[in-house]
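What follows is the residue order along each chain.
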Amino acid sequence: MAVTRGLPSKLISAAFGPIPLSPDRAMALSERLAALTTVVAGAEYLRRKEDRKPGGLNDWRVGRDAFATFSPLRRRFLDVVGDERVTNALFGAQVAVGAALLVLPGRGRWRGVGGLFLGLGNIAHYARRRLGTDGSDQVAILVQTAVGAARLSRTPQVRDALLWYVALQSTLSYTVAGWVKLLGEDWRRGTALPGIMRTRTYGHQGMWRWSSRHPRSARWLAHGVLTLECMFPLVYLPGGVLVRPMLASAAAFHAANGYFMGLGRFVTAFVSMHPAVAYTTTPRSRPEAAGRDDTLVKAAGVTLLGAAALGLLRAADRRQWVRDSWPGSRSVATRHGNRISYYRLEGSAQGVRPVVVMCCGLAGAPEMFGWLLQTMRDDGGVDVITYSRAGTGPSTYAGDEPFTLQESVDDLLDLIAEVAPEGTPLVLAGYSLGGEIARRTALELGDRVGALVYLDSSHPEELQRSVKQDKSAATMDSSFGIIAVSLRSGMGMLMPHPDWVRDLPAAVRSRAFAQYADSRLWWAGRREWRAAEEEFRRFEGPLPDIPCHALVVSAEKTLAHDPAHADMHEDLARAHRGGDRVVRSVTVPRAGHESLLTSPRFGHRTAVHVLRFLRDVGLVPASGDAAGEPGRGRVNPEGE
């Protein structure tokens, strides 16, 4: 009976509790697992000679173009490392050193030198195989450099700090991966597994069949992965009570990925961080961790709290600034209870000037029209209205009813009633999704609209006609959610300035970035995208006739990246043809979807096309202008 009563407690103690490891034992396990990762990676690279041939995955003559902006000295270094003989020699040396770390015993400092050699070697030829690396290589670099430095350190405090660094990186990698998955609807519903298993790259036919036949089990498995990753920080509960089940589950997860998804190196790479987790979760009352120095984790905790507080304060300050209207701007209340903030740039020409209302794209800010506004201001022949859609910038969103794109259309209709009363010549100009909103608005206004300008516009059938658009749509919702949640948690201070912001006029850059780093912009974008995707997928053509002149401006890179857009842009133009309407299609050479507006060069050319078109259709008097000689028919595609 005593044996029977003691059995449950023995089982519990075997399943729950810490994994007591000394620092030397933790370093020995980590460096061997990481070394095995590098040995396998090096052997794979040396074996796959076809990848280094012209057109192969690791053809350096192609890969080096990605580093064209590097300094000449850095490019020369990469060319030396990228030489076939140097690369082969480096990989051969790494395989030899890794094998030595695996099989030779001892705790000498030579092991630290070997670990650093592997880590620094991986960094040196990372660019050489840039298209063939994955997370396992990055983890191996982290473990090898940290553990190698720990081996070489003569100070226990430094050694413990480096092991804490590896352990915290492991915890962070699982936690972030879990919470990112949690934002995806497929993971929350538990339907992600069949979708992954049916892909060509990471799929497994047998596993896909099993998950399809047993959806409930597959759902439990997906939710189990979410729970493991999101709750991984629980390994640091007092006494290390969850260390054994957590690390065992994580190792099993990587083993399953290695078998079913072909990610074999992920097993040894990510598990190589586990010994550091085991050492740092071992209670200091145990002899293995009696002298452990925990200064780093305490300092990291204080720093993290301080950074989080600073990030939240910065986010609150940025939001207040974004919601503060521009000097001279106004607002209008719409039928849905939204309040739309707008800015009017008045032209200098005498008499009645046409009003050009510009609609920005998905998750876009009106500051993106900066170069167009500058050119139109210098011309002086039109009044230009820019506005922030509901829930972005100073505009507010009431959100009382389920959202559809019609609400954005209604807001625009109410804005137009405010800024362009009956009798005022009206032009609608829409960029990207703003082009679709402008098109629907023009349908309701009928002959009130004199001209419609499409700026690399969306098409309501794009998800049905473009394979690339359809594929990218699958990630849009979760991507917007991830960005919004990250920004709301105060991480906007870590967000770099994108190139399109740096290209804008100096006067609007700061405000454009403030909106870009405001979570409200991304929540609004997610709301509009969900509505757009649902409506685009059920759209049935053809496009209805719109009784006004039309200019379709396309970015050359958009058409080159996805030829389906050329047909869709032609479809937009076709909806305006008839009678005496003027319909023109132009392409801005070398411009991309964003740079069409945000580049000073391409933004000016786009404005040139718009102003000349408005003169050709008689909406702007043919007086001297900044855009070139008036009254000319076909526009020089270079705008020069």
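Structure: above.
J.: So what about the overall build of the protein chain? Which residues, and what values?
T.: Helix and strand counts for the protein chain stand at 28 helices and eight strands. If you line up the protein chain on its principal axes, its C-alpha atoms span 95 × 60 × 50 Å. When each of the 640 residues of the protein chain is scored for burial, the buried share is 49%. In the protein chain, 75% of the contacts between residues at least 6 apart in sequence involve partners at least 24 apart. Across the protein chain, the mean location of the 78 positive side-chain charges is 11 Å away from that of the 63 negative side-chain charges.

J.: Talk me through helix α28 (residues 600-616); I want residue IDs and the actual numbers.
T.: Taking 1.5 Å of rise per residue, the 17 residues of α28 would be expected to cover 24 Å, and the 24 Å separating its terminal C-alpha atoms lies within 8% of that figure. The buried fraction of α28 is high, at 13 of 17 residues. The positive-phi residue at the C-terminal boundary of α28 is Gly618, with phi of around 85°.

J.: So what about the pairing of strand β4 (residues 383-387)? Which residues, and what values?
T.: With respect to burial, β4 is a largely interior element, five of its five residues being buried. Two strands pair when backbone bridges link them, and strand β2 (residues 339-345) and β4 are joined in this way by four bridges, in the antiparallel orientation. Note that in β4 the partner of Leu345 across the bridge is Val384. Inspection of the sheet shows strand β3 (residues 355-359) paired to β4 by four bridges, in the parallel sense. In the sheet register, Val356 faces β4, and the bridge partner there is Val384.

J.: Outline the environment of Pro72, listing residues and values.
T.: Here Pro72 lies in helix α4 (residues 72-82). Between the alpha carbons of Pro72 and Arg151 there is a distance of 35 Å; along the sequence they are 79 residues apart.

J.: Lay out the sheet that holds β2 with the relevant residues and their values.
T.: Sheets are built from strands paired through backbone hydrogen bonds, the pairs being either parallel or antiparallel. The strand order β1-β2-β4-β3-β5-β6-β7-β8 describes an open sheet built from eight strands, whose pairing is mixed. What marks the edges here is a single partner per strand, and that holds for β1 (330-333) and β8 (583-588). Strand-to-strand, the axes of this sheet are offset by a mean angle of 20°, without reference to chain direction. Across the sheet, helix α17 (residues 370-379) lies against β2, β3, β4 and β6 (449-455), angled at about 160° from β4, the strand it touches most.

J.: Hey, could you go over the nonpolar core for me, with residue numbers and the actual values?
T.: Across soluble globular proteins, you tend to see nonpolar side chains buried next to one another. With 49 residues, the main nonpolar core has Met358, Phe369, Leu455, Trp522 and Leu614 as its most contacted residues. With six residues, the top contributor of residues to this core is α28. Here Trp522 is in contact with Ala363, Phe480, Ile483, Ala484, Leu487 and Tyr516, once residues within four sequence places are set aside.

J.: Hey, could you go over the packing of aromatic side chains for me, with residue numbers and the actual values?
T.: Under the criterion given, the structure shown has ten aromatic pairs. A centroid spacing of 5.7 Å and a plane angle of 25° characterise the contact between Trp164 and Tyr236, whose relative ring orientation is stacked. Taken together, the residues span a long stretch of sequence, with Trp164 in helix α8 (residues 156-182) and Tyr236 in the loop between α12 (215-230) and α13 (243-260) at a distance of 72 residues. Here Tyr236 falls in the partly exposed class, since its relative accessible area comes to 28%. Both rings, one in Phe513 and one in Tyr516, keep their centres 6.3 Å apart while their planes meet at 40°; by these two values the pair is tilted. With Phe513 and Tyr516 both in helix α23 (residues 506-516) and three residues apart, the pair spans about one turn of that helix. Both residues of the pair, Phe513 and Tyr516, count as buried. Within the aromatic cluster, the residues linked to one another by ring pairs are Phe480, Trp500, Phe513, Tyr516 and Trp522. Over the face of the ring belonging to Trp187 we find Lys181, whose NZ or CZ atom lies 5.5 Å from the ring centre. When the ring centre of Tyr279 is taken as origin, the NZ or CZ atom of Arg292, which lies over that ring, is 5.8 Å away.

J.: So what about the pattern of salt bridges? Which residues, and what values?
T.: One pass over the full model with this rule turns up 37 salt bridges. Residue Glu528 pairs with Arg389 through a salt bridge whose shortest N-O separation is 2.8 Å. Within this pair, whereas Glu528 is found in helix α24 (residues 519-537), its partner Arg389 is found in the loop between β4 and α18 (405-419), the two being separated by 139 residues in sequence. Residues Asp470 and Arg537 are paired through a salt bridge, measuring 2.8 Å at the closest nitrogen-oxygen approach. Here Asp470, found in helix α21 (residues 467-488), pairs with Arg537, found in helix α24; they are 67 residues apart in sequence, far enough to count as distant. When salt bridges with common partners are traced through the structure, they connect Glu436, Arg439, Arg440 and Glu535 into a single cluster.

J.: Describe the packing of helix α19 (residues 433-445) against α24, listing the residues and the values that go with them.
T.: The geometry of a pair of packed helices is captured by two quantities: the angle between their axes and the separation between those axes. Across the interface, α19 lies against α24 with an axial gap of 12 Å and an inter-helix angle of 65°. α19 and α24 meet at a crossing whose hand is left-handed. On α24, the residues touching Leu433, Glu436, Ile437 and Arg440 of α19 are Glu528, Ala532, Glu535 and Phe536. Looking at the contact of α19 with α24 residue by residue, the class counts come to four nonpolar, no polar and four charged.

J.: Let's hear about the side chain of Thr171: which residues, and what values?
T.: Among the structural elements, Thr171 can be located in helix α8. In this structure Thr171 comes out as buried when scored by relative accessible area, which is 9%.

J.: Any details on unusual backbone geometry? Residues and values, ideally.
T.: A cis amide bond links Gly541 to the next residue, Pro542, at an omega of 0°. Checked against the element boundaries, Pro542 lands in the loop between α24 and β7 (549-555). One non-glycine residue, Ala363, lies in the positive phi region at around 50°. Residue classification places Ala363 among the buried residues on the basis of a relative accessible area of 18%. Phi at Ser432 takes a positive value of approximately 55°, unusual for a residue other than glycine. With respect to the secondary-structure elements, Ser432 resides in the loop between β5 (426-431) and α19. On the basis of relative accessible area, Ser432 is assigned to the buried category, the value being 13%.

So, how was this worked out
- Residues numbered from 1 in each chain as written.
- Predicted model: local features only at pLDDT ≥ 70, side-chain atom pairs only at ≥ 80, totals over all residues.
- Heavy atoms only, no water.
- Helix = DSSP H or I, 4+ residues; strand = E, 2+ residues; numbered from the N terminus.
- Buried < 20%, exposed > 50% of the residue type's maximum accessible area, 1.4 Å probe, protein only.
- Contact = heavy atoms within 4.5 Å.
- Lys, Arg positive; Asp, Glu negative; His and termini not counted.
- Charge placed at Lys NZ, Arg CZ, Asp CG, Glu CD.
- Expected span 1.5 Å × (residues − 1).
- Pairing = 2+ DSSP bridges.
- Axes fitted to C-alpha atoms, helices over the stretch in contact; angles between N-to-C directions.
- Core = buried A, V, L, I, M, F, W, Y, C linked by side-chain atoms within 4.5 Å.
- Phe/Tyr/Trp six-rings, centres within 6.5 Å; stacked < 30°, edge-to-face > 60°.
- Lys NZ or Arg CZ within 6 Å of the ring centre and 35° of its normal.
- Salt bridge = Lys/Arg side-chain N within 4 Å of Asp/Glu carboxyl O.
- Left-handed = near helix turned anticlockwise from the far one by under 90°.
- Nonpolar A, V, L, I, M, F, W, Y, C, P; charged D, E, K, R; others polar.

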